[in-house]
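Structural overview
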Amino acid sequence: MIKQLIYMILLVSLAACSVAPSDNASADTKSKASQPSQLLVEDNINPLNVHQQMPRLSWYANVKTQTAYQIRVASNESLLAAGKANLWDSGKVNSGVSVNIPYQGKKLGANQKAVWQVRVWSANRDKPSQWSKPQFWEMGLINQSDWQAKWLQVKQPSVAALTEARLNWIKYAANVHPAATEPATGSKLKTQLGVVEQLKQQPTASLFRHSFSTVQDKGLVRAKLHSTAGGYYEIFINGQKVDDRLADPGQTDFDKRILYNTDKVTHLLSGGQNTIAVHLGSGWYDENIAFSKWTNPDATQGKRKQKTLSFGQPKFIAQLELTYADGSSQIVASNEQWLSHPSPVLKEGLFSGELYDANQTVKDWNLNTAPENLANWQAVEVLNEWPTKKLEPQLLPAIRAVKKLTPIKLYQPRKNVWVFDFGQNFTGIPTLNLAKLNLAQGQAVHMRYGEWADIDGNLSQKSGGGAPLLKQVDTYIASGQDQASWSPVFTWHGFRYLELTGIDFKPDLDTVVGHLVRSDVEVVGQFKSSSALLNRIHDMALWSYEGNLMSVPMDCPIRERAGWTGDAHAALITGNYNYDMQNFWQKYLGDFATSSHIAPAVVPGKRSHGGTYDWAVAEIIIAWEHYRHHGDLQVIAEQYDSMLEYMDAAESQLTNNLLRKGYGDWCDPVRKPGMTRKRCNPEYTLPTMTTSGFLAHGAELMAKMSTLLNKPEKAKHYQALFERIAAQYHKEFYNPATGHYGSQTADAMALRFGLAPKEIRQSVADALNKDVLENWHGHGSIGALGQTYVYRALSDYGYGDTAFGIFTAEGYPGYKWQFEKLNATTLWERKGVWDPAKDPEGRNPAGRSLNHPFHSGYDGWFYEGLGGIRPKGDTPGFQHFELAPVFVKDLDWVEVSYKTGYGKIVSNWKRFGNQVEWYFEVPNNSTATVSLPDKPTKVYSAGQYTLKVSL
């Protein structure tokens, strides 16, 4: 605790360092300052389940320059109003920092509430501002002993009897249905028939319920519900869903930790009898078909234990805490008194989909009901031990439906086959308008999903690849007394096209709608320009990124859905400038810490392996960029030991100061469309280049982080390691005859990571520019790892027009070609895997992912390059940042903004002949160092400015 406190104090002292404003920056007026606002705890408003004993507090100072602050924290609002800060009073702290300040008061216990407020002092004013309006946080159930609730699961899982309609879902999911567009054949058929047997044995989802009574004469004043599951779950009180979360909780290494939610539910309770209910599905917890190798269970078993990706049978825990007006309390907990029943969701899975039979609907299953309606309900099984080491609060934003999409076109490729085109590849769920279908009892409709359809609308699921043994399909079997609409609840899909079968008439275009689902991180960045093409390229990056943001940064939404670590750092810059990723990245870094592998390729989950150093360096890069964007040293302190483990393992693998194995610059473009290659191995950049380059970069970042944590010996060691790798990198890969390091990605890394000696960096940039223009005719030859670095490697050395030109270059592999020839709306994993000239009708679709955000790292340049918004060196939190826009000649105007912890930075410019008019905004309590070509740098304090720049 003392050590951690030292870290926190270090954070305050370091971040308090300020940059002097320019001479002409106006000072604060002497009028009464506005009170601080936007008070956040752990980057959340009034969180209900904080575990951190020193939670991080943030606010908007609402003054031009904060010079000091005072925080006071009390047990309740009355004490705070009386000025009695019985938990903590920071006193006046001379610091300009207003993000991620650690609470340093009394230790707080489970469920304890802390009410807080802050006031600030500003430059040239003796008196502080008014106190902010009070906000609060509540502690969660910190220790296992704080949970009176028990983990529950179904005592005897139920397997639904097979009917023709149900078997059809199984056949579609296993891809052996004769009506499927591309059913399995040959040797693959044998495997898929095994999948059919697995699906037949798969149990239903489960319903749970428990009725209880409140004490009517006491007056209920507050109800707080803690809950989570091993699996996906929905929780209800008196028939009303407690929340709008989907695919919940977020994926973790479930045996190590499970994330739990805390909700205020007072408004859902009534006096007297109440019912709490849970709907439970498999989620990631019990996913064991898509990537299994099924064998006959009746066959003789060998001694070798079959590998499983499942963590066991789905289970849940719930604890409802009631507080009455007289101060007394009541706890309603999951225990042996609960009952269970099979769900009408007869089959469900992440990679398959959902089979729902409305005839199996259980009347009033989540409401107060008569005892006779519970005759078929069963006793539950209570677990004697927890299935996980600990429960942690789910502070990252939950997965939600964030955007509605409607189809733009309807195809009929065959009789009674209807294919809806949403016009956009996305990750989400459908809503089926049952009122428009008028289904008879027992009538089944099947919905299959794909990223591809040919010219006639024939759906293809080939881009899902052969690795997952399941295909995406949802089936609804009608009861004749159906609700108006239906959506699956325990699955989600990646698709642009939806095939509907089971009806014999042409449906209306609005018979189905789609909903983009993702972790509901706040959108904090905005970019647009005078180029419709560039805006579309930006949108393509966002659709790709958002479609793979599902509590982990996924690689693709249908094939693997895995948190590949290299993919995460390849697209990191795109996430950081467009969304508030503070709690998302903190959670993902925790997945590295719980991984059973050193240098893991995938976190979290069992589908991983170790020793992938150019991928797993993500842990170090994410931790550092998290600090730079959010000013949070605590995350670095907590992650440090895990990062040391990575660095020690990587350093032990060095051969003559280079690391000579890795995946490399994955999926760089082949020379011509249709060319084959082994997997997606890099064509132009040796894996030694990327693995060694990233290890050098990681070593330098570790040196910086070690310095921040007051570990001088480690800092010295890692700085020396960086220098050794950099020297060998230059020795082995630099070619004096050509002036570069062998590829565009290698050159970019040499420049951006400081691997190239300073005296040749401009000449390396010259060679890089020449390679783009002459060897690649204006295109980039970069794969996933190069996307983040090439554009600034060009524009920072005077080649902004070349960097911009990569986005507008004609022909393959350019973006315009991707839009016009591939009909792409998201980033393909392999843009050259399919030759549109040889297959203009799309009859032979590409068998690779069509939604792969690891190619989206270019989007950061729209902010750091065209907008010029970037961190100032190693200064954290964007309190002091740089503005260095690139005024490329082929754009008329650019508008960029980015909301930081201090407020919104704006950088808009417009061209007028040979002059640019540039408008920018510097948020309160921050400064911007403005860098323009051929002009001295200048520091601007908070305010709005317009400059005219001659070109």
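Treat the numbers as computed from the prediction; the structure is a model and nothing was measured.

In this section: empty space enclosed by the protein. All told, the structure shown has 9 cavities of 30 Å³ or more when counted by the stated rule. What lines the largest cavity is a set of 15 residues, among which Gln-251, Trp-284, Gly-605, Lys-606 and Arg-607 lie closest to the centre. Here the residues of the lining of the largest cavity sort into 7 nonpolar, 3 polar and 5 charged. Lining the second largest cavity are His-779, Gly-780, Ile-782, Gln-787, Tyr-791, Ile-806, Pro-813, Gly-814, Tyr-815, Gln-818 and Lys-831. Per-class residue counts for the lining of the second largest cavity are 5 nonpolar, 5 polar and 1 charged.

Now for the confidence of the model for the chain. Taken over all residues, the pLDDT of the chain has a mean of 94, while the share at 70 or more is 95%. Counted against residues more than four places away or in other chains, residues 1-32, with its pLDDT under 50, gives 68 contacts.

Okay, the state of the cysteines next. Overall, the coordinates contain 1 disulfide when judged by the stated rule. One disulfide bridge connects Cys-667 with Cys-680, the sulfur atoms lying 1.7 Å from each other. Because the torsion about its S-S bond is 125 degrees, the bridge between Cys-667 and Cys-680 counts as right-handed. Taken together, the residues Cys-667 in the loop between helix 11 (633-652) and helix 12 (687-708) and Cys-680 in the loop between helix 11 and helix 12 connect sequence positions 13 residues apart. Of the two residues, Cys-667 and Cys-680, neither departs from the other in class, the shared state being buried. With no disulfide of its own, Cys-556 has Cys-667 as its nearest cysteine by sulfur position, at a separation of 11 Å.

Evaluation of the coordinates by the stated rule reveals 43 salt bridges. Across the salt bridge formed by Glu-42 and Arg-56, the nearest N and O atoms sit 2.8 Å from each other. Remark: Arg-56 occurs in strand 2 (residues 56-60) and Glu-42 occurs in the loop between strand 1 (37-41) and strand 2; sequence separation between them is 14 residues. Arg-56 carries the same exposure label as Glu-42, and that label is buried. For Asp-796, the salt bridge is made with Arg-792, and the minimal N-O distance between the two is 3.0 Å. Relative accessible area serves as the criterion here: at 12%, Arg-792 is assigned to the buried category. A single network of salt bridges, built from pairs that share partners, joins Lys-241, Asp-243, Arg-245, Asp-248 and Asp-263.

This part covers the packing of aromatic side chains. Within this structure, the stated rule accounts for 61 aromatic pairs. Between Tyr-476 and Trp-486, the aromatic rings sit 5.5 Å apart at their centres with planes inclined by 50 degrees, giving tilted as the arrangement. Of this pair, Tyr-476 sits in strand 28 (residues 473-477) while Trp-486 sits in strand 29 (residues 485-486), and the two are 10 residues apart along the sequence. These aromatic residues form a ring-pair network of at least three members: Phe-527, Tyr-791, Phe-807, Tyr-815, Tyr-858, Trp-861 and Phe-862. Positioned above the aromatic ring of Phe-351, the side-chain terminus of Arg-561 is 5.1 Å from the ring centre.

So, about the pairing of strand 31 (residues 512-519). Counted residue by residue, strand 31 has 8 buried out of 8 residues, so it is predominantly covered. Relative to strand 31, strand 24 (residues 417-433) is paired through 5 bridges, and the arrangement is antiparallel. If you follow Thr-431 over to strand 31, its bridge partner there is Val-513.

On to the environment of Val-916, then. Counting through the fold element by element, Val-916 comes out in strand 37 (residues 915-922). Residue Val-916 is classed as buried on the basis of its relative accessible area of 1%. For Val-916, the residues in contact, after removing those within four places along its chain, are Phe-887, Trp-909, Lys-910, Arg-911, Leu-947, Lys-948, Val-949 and Leu-951.

Moving on, we get to the nonpolar core. Core analysis: the biggest nonpolar cluster contains 147 residues, and Tyr-646, Tyr-729, Tyr-741, Tyr-858 and Phe-862 have the highest contact counts within it. It is helix 11 that contributes the most residues to this core, 11 residues altogether. Each residue touching Tyr-858, except ones within four places of it in the same chain, is listed here: Ile-537, Met-540, Ala-541, Gln-787, Tyr-791, Phe-807, Tyr-815 and Leu-827. The next biggest cluster of nonpolar side chains, apart from the first, holds 75 residues, and it includes Ala-290, Leu-500, Val-552 and Met-554.

It is worth spelling out the packing of helix 8 (residues 582-594) against helix 10 (residues 618-630) at this point. The interhelical angle for the contact between helix 8 and helix 10, taken along N-to-C directions, is 155 degrees, at an axis separation of 10 Å. Here helix 8 is positioned roughly antiparallel relative to helix 10, judged by the angle of their axes. The handedness of the crossing between helix 8 and helix 10 is left-handed. Contact residues: Gln-582, Trp-585, Gln-586, Tyr-588, Leu-589 and Phe-592 in helix 8; Ala-618, Glu-619, Ile-622, Ala-623, His-626 and His-630 in helix 10. Broken down by class, the residue content of the contact of helix 8 with helix 10 amounts to 7 nonpolar, 4 polar and 1 charged.

Attention now moves to the sheet that holds strand 1. Reading across the sheet, the 3 strands line up as 1-2-5 and stay open at both edges, with antiparallel pairing between neighbours. Each edge of the sheet is formed by a strand with only one pairing partner; in this case those strands are strand 1 and strand 5 (101-102). In terms of strand pairing, strand 2 meets strand 5 through 2 bridges, oriented antiparallel. Each bridged residue has a counterpart across the sheet, and for Arg-56 the counterpart in strand 5 is Pro-102.

Thresholds, definitions, all that
Residues numbered from 1 in each chain as written. Predicted model: local features only at pLDDT ≥ 70, side-chain atom pairs only at ≥ 80, totals over all residues. Heavy atoms only, no water. 1 Å grid on protein atoms, 1.4 Å probe; cavity = no way out; pocket = protein on both sides within 12 Å on 5 of 7 lines; lining within 4 Å. Points joined across faces, edges and corners; volume = space filled by probe spheres on them. Nonpolar A, V, L, I, M, F, W, Y, C, P; charged D, E, K, R; others polar. pLDDT = per-residue confidence, 0-100. Contact = heavy atoms within 4.5 Å. Disulfide = S-S within 2.5 Å. Helix = DSSP H or I, 4+ residues; strand = E, 2+ residues; numbered from the N terminus. Buried < 20%, exposed > 50% of the residue type's maximum accessible area, 1.4 Å probe, protein only. Salt bridge = Lys/Arg side-chain N within 4 Å of Asp/Glu carboxyl O. Phe/Tyr/Trp six-rings, centres within 6.5 Å; stacked < 30°, edge-to-face > 60°. Lys NZ or Arg CZ within 6 Å of the ring centre and 35° of its normal. Pairing = 2+ DSSP bridges. Core = buried A, V, L, I, M, F, W, Y, C linked by side-chain atoms within 4.5 Å. Axes fitted to C-alpha atoms, helices over the stretch in contact; angles between N-to-C directions. Parallel < 35°, antiparallel > 145°, perpendicular 65-115°, else oblique. Left-handed = near helix turned anticlockwise from the far one by under 90°.

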